[in-house]
Each structure stands twice: as C-alpha cells, then as structure tokens.
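Structure at a glance
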Amino acid sequence: MEKFTKRFKGHNLISKIVWVKLLAIIIALQFYALNVSAQEAPLVSSYGESSFNVSGYVMLDYDQYGAFHNKSDSQDDNEEEDHLEIRRSKLAFKFTPKGPVSAEVEFTYHDEYQQDAEYDLGDAYINYKSHGNLNLRLGKMKEPFGLERQTGSTKVTSIERSMVTTAFSPGRSVGAMFKVGEPYYSMAIGVFEEDDSQAVQAITSRITYGFLDPQRANKHLGLSVSHRDLKDQEFQIKERGESNSADNIIRSAKFDASSQDIAQLEGAWFTNNLRLQSEVAVSSIRQINDVNWMYMGFYVQASYLINKGQYQYKNNKIKTKVKKGTWELVARYSGLDLQDNDLGSEASVLLLGVNYYMNKKFKVMANVLIPDISGNTVDDDQSGSGLSMRAQYAF
C-alpha cells in the first residue's frame, strides 16, 4: 500500500485526482442511465445541412506485471508491480458545414506512469471531398498505414495494440493526404512530417479491398507501405510487451540511420459474431555507413461476440456493434523480431482477454499477457506474466 501511495505524490496529484473523479462521476451516471429508458443520442447540433459534433472518451487503466516487464536492477526478482494511470482521454469537435469542406480538432490528456501529465493536440485537419469520393486532407492526422492502427483506440478489442503495430506503424503526423474510397475499397497516399523534434519526413500509402458475402463470411485485404527519411539521426525500436506502464524491455540495436522502408500486409475474415485478423510487417533500415538492418513482426487475433453483438464492415474498417450486456472474448499471439547482425531482441506475447459492454458507451476490459523473449535482454530474469484492466467511457 505504501508503494501505491507514493506513486500519487508529486506535482501531478491534483490533475490525477480531478480526472479520476471525473471518470467516477461518469461511471455513476452510466449506472443511473442503465435504470432509465431514455433514448441515447449523440451530441450533434444541425444548422440546415451543416452539423457540429462533440465526442470524447476517458480510459482508466490498471496494470500488474512481474520481472519480465521490469528492467530495474533494484527490484526484487519475484516482486510484482502495479500501476494506475489515465491512459487516454479526448475531447473532439467536428464541424461539417454545407458543402464539400469539413474540419475536426481533438484535444487529448493523459497521465501515465513514468511520464508527466500532458495535454496534446490529436487530429486537427481540414478535409475537402469532391463528388467523385476523392478526399484531400490537410493538417495533423493518422498516416494511412495498417488495419489495427487505423482502428480507433476505443474500438480495438485489446487494451493495447499488438507489438507489431506499435513498433512499425506510424501514428499521427502533419501533412497532406489524398484518399479515394467506396464501400468496398480505398486508396490513400500522403506526404508527412512527424510532429516531434526529429521531424522525420515520410511518404505513406495504403490500399484495401473488402470481399462482402452476407450469406457466408466477409473478407478484408490491405497493403501499406512507407518510406521514411530519418535524417541521419539515432534510431532504435523499443517496446513494452503490450503493457503500457511497463519498461521498454524489447529492443533493437541503436545506431544512426538515414532511411527506413516499411511494408505491412493485413487480412481479416469475419462473420456476424466471429472475427479472425492478422498483420505481417517487414522493415528495412539503412545505417549511415550503408549497413542494412531487417526487422519483422506479426500477430494473429481471434475475437467472438456473445449476446447480441455483431461485426460490420463500414468505410473499409471492421466495426463492432454492441448492445447492453454484450460480451467479447479475445485471443492474440504476436511476435516481434528486432534481432539482426547478432544484436537485438526477439519476443512474443500471448494475450487472452474479455470485454464487457454495459451499454454502447461504457466498456470494461481485462487482458492476461504471457510473454517470452530471447536474444539481448535488459534483465536476467524474464519470468512472470502481466494483467491489464480498463474502464472506458466514450460518447
């Protein structure tokens, strides 16, 4: 108990208490909402053909893990750690005026273990849509890469995305993107610059196609590629083994690199309540002395909905439609090979999870993580598994 209390001391105490109280109030309101029959409606105001939409979410996470996820030499080999954190929260505003132009801006807040509380700007872009379904988007946005990365954090079936996604798939960057899409296919390409001190520049593209057969099973295929100018800066991939508050215990070699090329293949097969999904990624990094490093990763995931849930294909994404009392079972095996030229780590994580949807807005999640690692490691003790839990409210 003393260890747990110490983590809440310091300059982040006030902000942490405020946001935890906010989540508690929201949860209380949700329990109250379960006992009334009022119809749920999104926060949307309309002016003729224009609309203004407000949305957001709060995620409160609890992690517990053993020696595998901890690189500290001061910890007892068999001692477990636990951490409570505000993993993510977001408030988003989307304005769609009459005509082809729309705009969206998101404000985010997180207060994670081993990091300072931080307010940030999420998506912030202007989108122009022509009559031929061609979209031009300018601003800060997700780069078009990967199925799991394109799925919003409130919609993914596990608490954390797979190692292959967080290691290789680029996130949000500033740039310009062209995208064309129909109900069954999409093509996107853009030029981007990462919004950090390294200012990595990239060209990223993704193409997808959906094979829809309501009588049997639906299928989805996609391919993403990205070329990234690393500007001769220091490069290293570091992963936490799918537990956000853990240490970076899975690592590649560290070196100065000039460029990186990434290719990722995605596929899915799904019926109304069963979904199988997988992605495979390969990354080639060129060191400044022209030495090439090759890394790869993959995951295979299965999920099953119980009690009125349904998987649907919309806007080239697989969406989960749930009702009050829906359960979802999840299993995933992911592997990450960051070992080349006799340096680096190779790791795998088996995830078993369950999600419970109290209603469309409130979800509780639990994941058990069973990891394994070989190659260069940061700790001699790789024992222990992990447990992650989340309470999530989205509106």
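What comes next concerns the included structure.

Thresholds, definitions, all that
- Residues numbered from 1 in each chain as written.
- Predicted model: local features only at pLDDT ≥ 70, side-chain atom pairs only at ≥ 80, totals over all residues.
- Heavy atoms only, no water.
- Patch = residues over 30% accessible without salt bridge, like charges linked within 9 Å, V, L, I, M, F, W, Y side chains within 5 Å.
- Areas by Shrake-Rupley, 256 points an atom, 1.4 Å probe, with all protein chains shown as cover.
- Salt bridge = Lys/Arg side-chain N within 4 Å of Asp/Glu carboxyl O.
- Helix = DSSP H or I, 4+ residues; strand = E, 2+ residues; numbered from the N terminus.
- Buried < 20%, exposed > 50% of the residue type's maximum accessible area, 1.4 Å probe, protein only.
- Lys, Arg positive; Asp, Glu negative; His and termini not counted.
- Charge placed at Lys NZ, Arg CZ, Asp CG, Glu CD.
- Phe/Tyr/Trp six-rings, centres within 6.5 Å; stacked < 30°, edge-to-face > 60°.
- Lys NZ or Arg CZ within 6 Å of the ring centre and 35° of its normal.
- Contact = heavy atoms within 4.5 Å.
- Polar contact = N/O pair within 3.5 Å; in protein donor to acceptor, adjacent residues only side chain to side chain.
- Core = buried A, V, L, I, M, F, W, Y, C linked by side-chain atoms within 4.5 Å.
- Pairing = 2+ DSSP bridges.

**Here we look at a nonpolar patch on the surface**
Taken together, the side chains of L134, F178, I189, V191 and I203 present a nonpolar region at the surface, about 450 Å² in accessible area. On the secondary structure map, I189 appears in strand β8 (residues 185–194). Judged by its relative accessible area of 44%, I189 falls in the partly exposed class.

**Considering the pattern of salt bridges**
Throughout the structure, instances matching the rule amount to 14 salt bridges. Residue R172 pairs with E106 through a salt bridge whose shortest N-O separation is 3.7 Å. Here E106 lies in strand β4 (residues 101–111) and R172 lies in strand β7 (residues 172–181), a separation of 66 residues in the sequence. Assessed through its relative accessible area of 34%, R172 is described here as partly exposed. E148 is paired through a salt bridge with R332; the nearest N and O atoms lie 3.4 Å apart.

**Points about a positive patch on the surface**
On the surface, K308, K321, K323 and K360 cluster together into a patch of positive charge. As for its placement among the helices and strands, K360 is situated in the loop between β19 (345–357) and β20 (362–375). Taking relative accessible area as the criterion, K360 reaches 60% and is therefore assigned exposed.

**Quick notes on the packing of aromatic side chains**
Using the criterion set out here, one finds 10 aromatic pairs in the structure. Between the aromatic rings of F235 and F255, the centroid separation amounts to 5.8 Å while the plane-to-plane angle is 40°, which identifies the pairing as tilted. Separated by 20 residues along the polypeptide, F235 in strand β10 (residues 218–235) and F255 in strand β13 (residues 255–270) bring together distant segments of the chain. No difference in accessibility class separates F235 from F255, as the two residues are buried. Following the ring pairs from residue to residue traces out a cluster consisting of F52, F93 and F107. For R137, the ring lying beneath its charged end belongs to Y125, and the centroid distance is 4.1 Å.

**Looking at the environment of R172**
For the pair R172 and D123, spaced 49 residues apart in sequence, the C-alpha separation works out to 7.5 Å. Those residues within four positions of R172 in sequence are excluded, and the remaining contacts are E106, G122, D123, K140, M141 and K142. Only 2.6 Å separates the side chain of R172 from the side chain of D123, close enough to count as a polar contact.

**Structural notes on the side chain of E81**
With respect to the helices and strands, the residue E81 is situated in strand β3 (residues 81–96). You can call E81 buried: its relative accessible area is 6%. Within polar-contact distance, the side chain of E81 engages the side chain of H83 at 2.7 Å.

**Regarding unusual backbone geometry**
One can expect most non-glycine residues to show negative phi and most peptide bonds to be in trans. A positive phi is found at N315, a non-glycine position, where the angle reads about 55°. With a relative accessible area of 52%, N315 lands in the exposed category. Even without being glycine, N341 reaches a positive phi, approximately 50°. Here N341 shows up in the loop between β18 (326–337) and β19.

**Details of the nonpolar core**
F168, F235, I250, F255, I285 and Y295 are the most contacted members of the largest nonpolar core, which has 29 residues in total. Sorting the residues of this core by element identifies α4 (163–168), β10, β13, β14 (274–287), β15 (292–306), β18, β19 and β20 as the ones contributing at least two each. For this core, the leading source of residues is α4, giving four residues. Membership of the second largest hydrophobic core comes to seven residues, among which are A268, F270, L305 and Y311.

**Focus: the side chain of N127**
Note on placement: N127 falls in strand β5 (residues 118–129). Owing to a relative accessible area of 5%, N127 belongs among the buried residues under this scheme. Here N135 takes part through its side chain, which lies 2.9 Å from a polar atom of the side chain of N127. Here the side chain of N127 touches R137 through a polar contact of 3.1 Å, side chain to side chain. Setting aside residues up to four positions removed in sequence, N127 forms contacts with P100, V101, S102, N135, L136 and R137.

**Side note on the pairing of β13**
The two faces of the sheet receive side chains in turn, since in a regular strand these alternate between them. The pairing of β10 with β13 spans 15 bridges and is antiparallel. For H220, the partnering residue across the bridge sits in β13 and is A268. Two strands pair when backbone bridges link them, and β13 and β14 are joined in this way by 13 bridges, in the antiparallel orientation. What sits directly across from G267, in β14, is S278. Where β13 folds back on β14, the antiparallel hairpin that results is connected by three residues.

**Regarding the pairing of strand β16 (residues 310–314)**
Residues Y311 and Y313 of β16 are buried on one face, while the alternating residues Q310, Q312 and K314, pointing to the opposite face, are not. What sits between the antiparallel neighbours β16 and strand β17 (residues 317–321) is a turn of two residues, in which N315 has the positive phi angle 55°.

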